Every structure is written in C-alpha cells, then in structure tokens.
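An overview of the molecular structure
Here is how the chains run, residue by residue.
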Amino acid sequence: MRYVHAIILTIILLIGNTLTTVIVPSEVKPSSSSDEKLKSLVTTITQRIVEAVTGESIGKCIIDSFHKSEAFFGFSGKYTIYYIDANVFCNTHAFKVEMTVLNNSTVYFILRPPVFLNESSPIQLDSSLLRGVLRIANAWYDVFKGDYLVNAIKTLERYVMEYNELRNVTVELDNTIMSILVIKSIAGWMDAVAIRWMFKINNTPTYYLEMPWDFSIVVVPQGFVIEIYDNRRVVRIKQVDINISKDKAIEIAQPKAEEYAKQRSVEIIESNATLYYVRDVYGVRGDELDMYPCWVVMFLFNETLKDEDMNLYEIGYVVYVLADNGEILNQHRISDLWLNLELPPESGELTLGKPSLLSGSSLVHIMRIAIIVAIIASVIISLLLVARRRKTSHGVSNH
C-alpha cells in the first residue's frame, strides 16, 4: 500500500508542479525540427549539471533514446505541454532524463542514473552540498538566464558565505525567500535536500496552487538524483492596484465558507487572510498563466471531517479574493492533501541576517511542516521505484 500511496503522491506533485490542471494526452512522433531543439536542450542541461556537480569536463552528451508526448494544459486547451523521456550518455556515464516543457518554457527537469546508485556519489550530505546546489543553479542560469535566477543564486551565495550550515532553515534577502529542507530517512538511506526559492513582487510573495515555490532544486545524494522545478519561467505577473483590504476580503469570502460549513454541519472557528500573487487557474480573467494579487482567505472548522471516497480529511475552507476588484478567483475545501502542498511563509517572516528554524505557533502551520517532510520523502522514493504515468492524469486543483 505504501507504494500505491507514493505513486499517487508522485502523480499529484509531478503533474501539479508543472502547473497542469486538466490533461488530455496524445502521442507525438519525435520527427520535427522542434524535437531536435528539445534533444539539444536535454543534452545541454545534462552536460552542464553533471559537470557542475562533478567538477569534471565530460565532453558532449549523446541521446540514446528519446520519447515525447503532449497534452493540453488547463481547462481552455490554449497551451500545449510536452513530456520528454530520454536516455543520455555523457562520456562513460548513463543517465535517465525527464523534462516538461510548457509554452516553450522548461518547467521541470530530473536527472538520474538508470539504476539507483548505492556506491559513492559525487554529492555528499554535508555543507558541501550547498555549494553543489549553487553550481547546479548557476548551470541552470547559464542555459535559461532570468533575473529571478540571479536573485536565487545571490541568496544562496550569501547564506553559504555567512553560515554554510546544512539544516532546516528559511531565510529572506531583499525580495527573495529561500527555504532549505533536509529530509533524513531511516538509517541514512535516501536522505534528500530540497532548496526552494520564492520571489516577491512589491513585497508580496507568489503562491502557486500546485506548488508554492517559484524555483526549487531537490537532490538525493546517495542516488545522484537531481530534480529541478522552475514555475516562475512560464507565468506572467500582472500589476494591478490593491483596492480590497484584508478585512473586506474576509467579508467577501465569509458567505462562501459559511455556506459550505452549513452543508457539512460544522462551524467556523477561525479565519485569516494573506496577500499573495496567485495564478488564475481557471482563466477567470482570461489566461491561466497570468498571476494576480489575491487575498487567500482561510477558514478553519471546529472539527475534522473524513471524506471516505477521497480518503482525506477536511479541516476548513479557502477562498481566493482578487485584491483589485474583490472578484472570487477560486474556492475549495482545505484538506490534509491540500496542506501537503504547503503554503509559503508570510512576507517578512525571517531575514537572512538572523536565520532560524522555520517555526510557527498555529496548529495548521505545524501540520504543514510535518506533512510536507513525509510527502517529499514519499515522492523521492517513488521517483526511484516507478515511472511517471503518462496515459491518464487528473487535475488536483479542487482538493
């Protein structure tokens, strides 16, 4: 059963992290000139990352096998998302590569050996890993550029220079929030590190319904697995005036939450609203890749509800209120599955000058941290045990 659970989590996070909501798969023959560009991109990224980690020149990488499938992105079908699977040879090293491309932007990339490596790895689970991730981030920047990547690199460089400690910590520098999460597994097997970055706009953090971090690098040292998510590359930030106050947003959202609570025979005991830039998942304002400032209004219930059909627990309701005109962008229940996706920290929570363990007094915040550790560990294990499902997938936006 734990393998089934891991597979489900992998599908949710891997499909969700590439910003996909509704997918209608179809096979694509890898014969066009665009495929040649994708092959070149696969070999270039692989070469840059392997050289960044090992510090050795490996020469030109060669594609051994290549497969591409495509799907419609979102509910409108306006965009196409491509899934790439390839086997790559670099000198005497063999790697399996998976890459996701949305709207001509690479949003997901994973590099791993064809079989799990129990032998010595060029990556070690100590402070040197931070410099390894720094080199990986620089390699990614060399291929794709982007000011936000400059900020990510600068924040990690600053942390390494001042502290260089591999531990669970969230730090903030200027408009960049960086989180380091160390996942320790049983007997040190398959330990992992996730370093995630969020880039604020006008002092307001971004928030993706599927994955809260703009950019992240996950490393499994023992297996030499490197996983990169780059949500920020594909979205468009929309600058609008903030006309709705926090209290007004709660007032707008309250009837929706109360209506749902009444249906479920529970009471609302707590409410709060935080301002984020949120992706327009359903295209309410026209485009699913646009992000707007939005009040994320959370309501907690006086008891936990079990959903037997979905095998999850409901603890509240959330309503997304657009900060410029008060329109409701989205709404759904808060379940333990949704909390697994982990809301990002509030603006100004920590600064780089005084890094500390990520902490919080609310029960919900503690639940987020505890669950996300288990989720990431399950996902990493499943990545090495199962192939990503292509044929049938479903959206996760309404959990």
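Coordinates for the structure precede this section.
Quick look at the structure, then.

What counts and what doesn't
Counting from 1, residues in each chain are numbered in the order their sequence is written. Where local features are concerned, this predicted model is filtered to residues with pLDDT of at least 70; where side-chain atom pairs are given and counted, the filter is 80 or more; whole-chain, interface and lining totals use all residues. Working from all heavy atoms in the structure, the side-chain values ignore hydrogens and water. Put simply, DSSP H or I for four residues or longer makes a helix, DSSP E for two residues or longer makes a strand, and each gets a number counted from the N terminus. To sort residues, take the accessible area from a 1.4 Å probe on protein chains only and compare it with the maximum for the residue type: under 20% means buried, over 50% means exposed, and anything in between is partly exposed. Areas reported as accessible are Shrake-Rupley estimates using a 1.4 Å probe. Residue values count occlusion only from the protein chains shown. Here the rule is simple: two strands pair whenever DSSP picks up at least two bridges between them. By definition here, a salt bridge exists when the distance from a side-chain nitrogen of Lys or Arg to a carboxyl oxygen of Asp or Glu is within 4 Å. Note on terminology: a nonpolar core comprises buried Ala, Val, Leu, Ile, Met, Phe, Trp, Tyr and Cys residues joined through side-chain atoms within 4.5 Å. Contacts are assigned to residue pairs with any non-hydrogen atoms lying within 4.5 Å of each other. A pair of sulfur atoms, both from cysteines and within 2.5 Å, is called a disulfide here.

**Here's the deal with the overall build of the chain**
Assigned secondary structure in the chain consists of 7 helices and 16 strands. Within the chain, the proportion of its 399 residues that are buried is 54%. When the accessible surface of the chain is totalled, it reaches about 17,200 Å², and 51% of it is carbon and sulfur.

**Points about the pairing of strand S16 (residues 328-335)**
Most of S16 sits out of view: 6 of its 8 residues are buried. Relative to S16, strand S15 (residues 312-322) runs antiparallel, the two sharing 7 bridges. Following the sheet pairing, Tyr317 is matched in S16 by Arg333. Where S15 folds back on S16, the antiparallel hairpin that results is connected by 5 residues, among which Gly326 adopts a positive phi of roughly 80°.

**Focus on the pattern of salt bridges**
Under the counting rule described, the total for this entry stands at 16 salt bridges. Here Glu162 makes a salt bridge to Arg158, at a shortest N to O gap of 2.3 Å. Placement of both Glu162 and Arg158 in helix H4 (residues 147-162) is noted, with a separation of 4 residues, approximately one turn of the helix. Relative accessible area serves as the criterion here: at 35%, Glu162 is assigned to the partly exposed category.

**Here we look at the nonpolar core**
Membership of the largest hydrophobic core comes to 50 residues, with the highest contact counts inside it found for Ile49, Met99, Ile180, Trp197, Phe215 and Ile217. With sequence-adjacent residues up to four places away left out, Ile49 is seen in contact with Phe109, Leu111, Ile136, Ala139, Ile226 and Ile228.

**Let's talk about unusual backbone geometry**
Look at Asn103: it is not a glycine, yet its phi comes out positive at around 50°. Given the relative accessible area of 31%, Asn103 is considered partly exposed. One non-glycine residue, Lys145, adopts positive backbone phi at about 60°.

**Description of the pairing of S15**
Burial runs high along S15: 10 of the 11 residues are buried. Pairing analysis gives 10 bridges linking strand S14 (residues 290-307) to S15, with the strands arranged antiparallel. Bridge pairing links Leu305 to Glu314 in S15.

**Details of the state of the cysteines**
Working definition of a disulfide: a covalent bond connecting the sulfur atoms of two cysteines. The final tally for this structure, using the stated rule, is 1 disulfide. Covalently, Cys61 is tied to Cys90 through a disulfide, its sulfur atoms 2.1 Å apart. Taking the sign of the S-S torsion, about 110° here, the bridge from Cys61 to Cys90 comes out right-handed. Of this pair, Cys61 sits in strand S2 (residues 61-73) while Cys90 is found in strand S3 (residues 79-90), placing the two residues 29 residues apart along the sequence.

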